[in-house]
Each structure stands twice: as structure tokens, then as C-alpha cells.
Amino acid sequence: MDSRPIGVFDSGLGGLTVINAMSKTMPGESFIYVGDTARVPYGGKNVDTIRTYGRQIVNFLQSQDVKAIIVACGTVSSNVMESLNEEFDLPIIDVVRPGIEHCIQICEENNKKKIGVIATETTVKSGFFQKMFKEKNPSIEIDVRACPLFVPLIEEGWVKNIVLSRIAEAYLRDWQEDPIDFLILGCTHYPLLSPILQSILKDTVLLDMAVAAVETTHQYLAENDILNESPTILKDFYVSGDLEKFNEMSQQVTGQAIQAKKVFWD
Ligand code: DGL
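These remarks concern the structure in this document.

Calculation criteria
Residues numbered from 1 in each chain as written. Predicted model: local features only at pLDDT ≥ 70, side-chain atom pairs only at ≥ 80, totals over all residues. Heavy atoms only, no water. Salt bridge = Lys/Arg side-chain N within 4 Å of Asp/Glu carboxyl O. Buried < 20%, exposed > 50% of the residue type's maximum accessible area, 1.4 Å probe, protein only. Helix = DSSP H or I, 4+ residues; strand = E, 2+ residues; numbered from the N terminus. Pairing = 2+ DSSP bridges. Axes fitted to C-alpha atoms, helices over the stretch in contact; angles between N-to-C directions. Contact = heavy atoms within 4.5 Å.

With respect to the pattern of salt bridges
Summed over the entire model, instances satisfying the criterion amount to 15 salt bridges. A salt bridge links aspartate 94 to arginine 97; its shortest N-O distance comes to 4.0 Å. Relative accessible area serves as the criterion here: at 10%, aspartate 94 is assigned to the buried category. Judged by its relative accessible area of 37%, arginine 97 is partly exposed. A salt bridge links lysine 136 to glutamate 101, with the shortest nitrogen-to-oxygen separation between them at 3.4 Å. Residue lysine 136 is located in helix α7 (residues 128-136), and its partner glutamate 101 is located in helix α5 (residues 96-110); the two are separated by 35 residues in the primary sequence. In this structure glutamate 101 comes out as partly exposed when scored by relative accessible area, which is 36%. Each of Asp2, Arg4 and Asp65 takes part in salt bridges that share partners, so that together they form one network.

With respect to the sheet that holds strand β6 (residues 141-146)
Across the sheet, which stays open at both edges, the four strands sit in the order β6-β5-β7-β8 with parallel pairing between neighbours. Whereas interior strands pair on both sides, the edge strands pair on one side only; in this sheet they are β6 and β8 (205-208). Sheet twist, expressed as the average angle between the axes of neighbouring strands with direction ignored, equals 25 degrees. Two elements, strand β7 (residues 182-185) and β8, share four bridges in a ladder whose sense is parallel. From the neighbouring strand, leucine 183 faces β8, where its bridge partner is leucine 206. On the sheet, α7 packs against β5 (114-119), β6 and β7 and is oriented at approximately 170 degrees with respect to β6.

In C-alpha cells:
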């Protein structure tokens, strides 16, 4: 057993969808969450910048003595995992790969072949989804699209605003006319829009990557005998931007009162 916390990070609120999945699948684990809200959104930034941000956050989490890290950000996960794994000597689990593997499995089980992916611009440009599907099952048709306006609006708390619904309709219109079987929410912020997305794509199943990533992490901890068996559970939140704004918004996402602390980058 290992009672140390798991580190979880994202550019902002999106990784809280991973925290929500963790509280269902492994409620006994402690965690330290980092939301890099001073620098959100990551999704339009270049790969070198994303790498620098990822390294700073992993460094911070390592200094907090975490036993493993979940990269709860699709943009970091699809662009810089190789360098993070090379540089740091602790298990770092990305949010994208398990989501893709889960999607391929249910496509094969249900004989479905039409997949849509929505993600940030930098994720789409990475070609990671396209490459993984081609490698693992080239018969699946995959259409990957960027939705760059979603993250800033979610961070502003505009999730229920009519403006967001109109933007979502514009992004998803082609799939209304030519339906897909599954839509992978390739950015961890997007499950916060599930009701809107589902109301537009009524016959498409939405796939939240957080669920598969948390299951993969749970399996890893169990196989390595490092689950937390201590009754003490720590839940810490750090943000680089405005504390009050994060506390208010994160309560809406998790349903829990959160008192975040400030983190600074060197
Ligand atoms: N949640 C991040 C992701 O999964 C959002 C990226 C952003 O900040 O634009 O990609």
C-alpha cells in the first residue's frame, strides 16, 4: 500500500472531470490537483510552450511527493507525453490513450465504424488520435475537429449561455446531417458541455475520456500494490490564477466546497 496522493493536472477546470471520475472509481485515494488557470487556454499554444508548462507542473507535483500523476489535459497528453516520461522518474498516465482504447473496444464489440473527435487545436494538429486509430484499427473512420471557443467560455462559466449552444451547433452541424456513432470528448473540459452536445447530436454516444483514464490508473495502482488503504484522505487544490473564481467554479463542477491554494511557477 502507498498512502501518498495522486497528482492530477490540467490548464484549468477541465481536469475536474477526472476528479469527478476518481471520486466514483477510487474514492479512497488522496490527490493533489493543479489547475494552471493563469495560463489557460493551452489549446492554441505551440508544443514547446505546452512542454514547458507540463514540466513545471510535473516538477511541482513531484516536489509534493505524489505516487503517480494523471495528465488530465488532452492537449498535454497528445503532444508531450514522451518527453515527460523521459524526464521524470514516476508513473505518468495520460488521459487520451485509455480513452481511445476504450472507444476502439466498444466500436469492435458493437460493429460501429464512424467516430468523431472534438478537441483543442493543438491536439488536432498533433495527429495523435488519427495515428492511434490508424495503428489499432484502420477500418474505423475518424473525423477530428477543433472547437477552440469552448475552453475560454467554460472557464468564464458560460456553460449554460445561449451563445455557447449556438457555437456548439455550428461546430457540430455536419454530424447532424451525417451522423457518427460515437463522439470522443478529446478535451477534458468538454464533458461539462455534455447536455448541450447531446441535445445537438441526439443519436450519438458521447465518450468522456476521464472514465477510462481513471480505470487505467486504478488498475495500475492495484497491480503494483500501491492503493491507499489508510483512512486519511487528502484533497488539495492548487491554481496559478484567481483563487476565488476557481473556488466558485470548481464547486459547480464537483459539487464540493473547495478552498484552493496558490501555486507559482519559477
Ligand atoms: N482540458 C484541456 C484539454 O483537455 C484544455 C486545454 C486548453 O486549456 O485549451 O485539452
